Structures are given as C-alpha cells and as structure tokens.
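Residues per chain are reported as follows:
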Amino acid sequence: MRSKPTLRIPFGILGLLAALAIYALFIAWASQWIGTLHVLVQTPIYIVLGTIWLLPLRRFLIWMETGRWG
C-alpha cells in the first residue's frame, strides 16, 4: 500500500477517460465502413474492437498504483 497519495491516480483516470473517448470516436468514425459489411463479418469485428482496449489496461493500472509499467 502507498503511504502517501500521489497524483498518478487522478491523472491516470483522466488519461484513461480521454483515451477511451478517443477510441470510441475512432470506432464511431470507422463504423460507417464497418456498417456496409455483412452482419456475419461485422460481428467479429465489433467483438474484437470491443475487447481490444482491455489489452493495455493492466499495465496502465499497475502504473497508476506503483509508478512502474510492469
């Protein structure tokens, strides 16, 4: 446990919200082309895009708590 508070957590939360907003805007922009595909092609694309943002999340949360990236 931390003995004193740091600014990493508030900055980390703001950074995470900003990154997710940018990612969501990108997906919304790309959906105009994805939407033209057949529904059986759209489904795996949206499943992958809906879960891919989770990949860097673990390291980011570790950084918020410890200050190290790994």
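Counting starts from 1 at the beginning of each chain's written sequence and moves along it residue by residue. Local features in this predicted model are restricted to residues of pLDDT 70 or higher, and side-chain atom pairs are both shown and tallied only at a pLDDT of 80 or more, whereas totals for entire chains, interfaces and linings draw on every residue. Side-chain measures were taken over the full set of non-hydrogen atoms in the model, leaving aside hydrogen atoms and water.

### What to know about helix α3 (residues 57-66)
For step 1, the next point in the chain: Of the positions making up α3, those classed as buried are L57, F60 and M64. On an axial view of α3, the arc spanned by its buried residues comes to 65 degrees, and they lie on one face. The exposed residues of α3 that point more than 90 degrees off its buried face are R58 and R59. The cut-offs for exposure are 20% and 50% of the maximum accessible area for each residue type, with area from a 1.4 Å probe on protein chains only; residues under the lower value are buried, those over the upper are exposed, and the others partly exposed. Note on conventions: DSSP H or I runs of at least 4 residues are helices, E runs of at least 2 residues are strands, and numbering of each starts at the N terminus. Each C-beta atom gives one direction from the helix axis, and the arc is the one those directions make.

### Section: the environment of A24
For step 1, the next point in the chain: On the secondary structure map, A24 appears in helix α1 (residues 8-34).
For step 2, the next point in the chain: With a relative accessible area of 44%, A24 lands in the partly exposed category.
For step 3, the next point in the chain: In the structure, A24 is positioned 26 residues away from G50 in sequence and 9.5 Å away in space, judged by C-alpha atoms.

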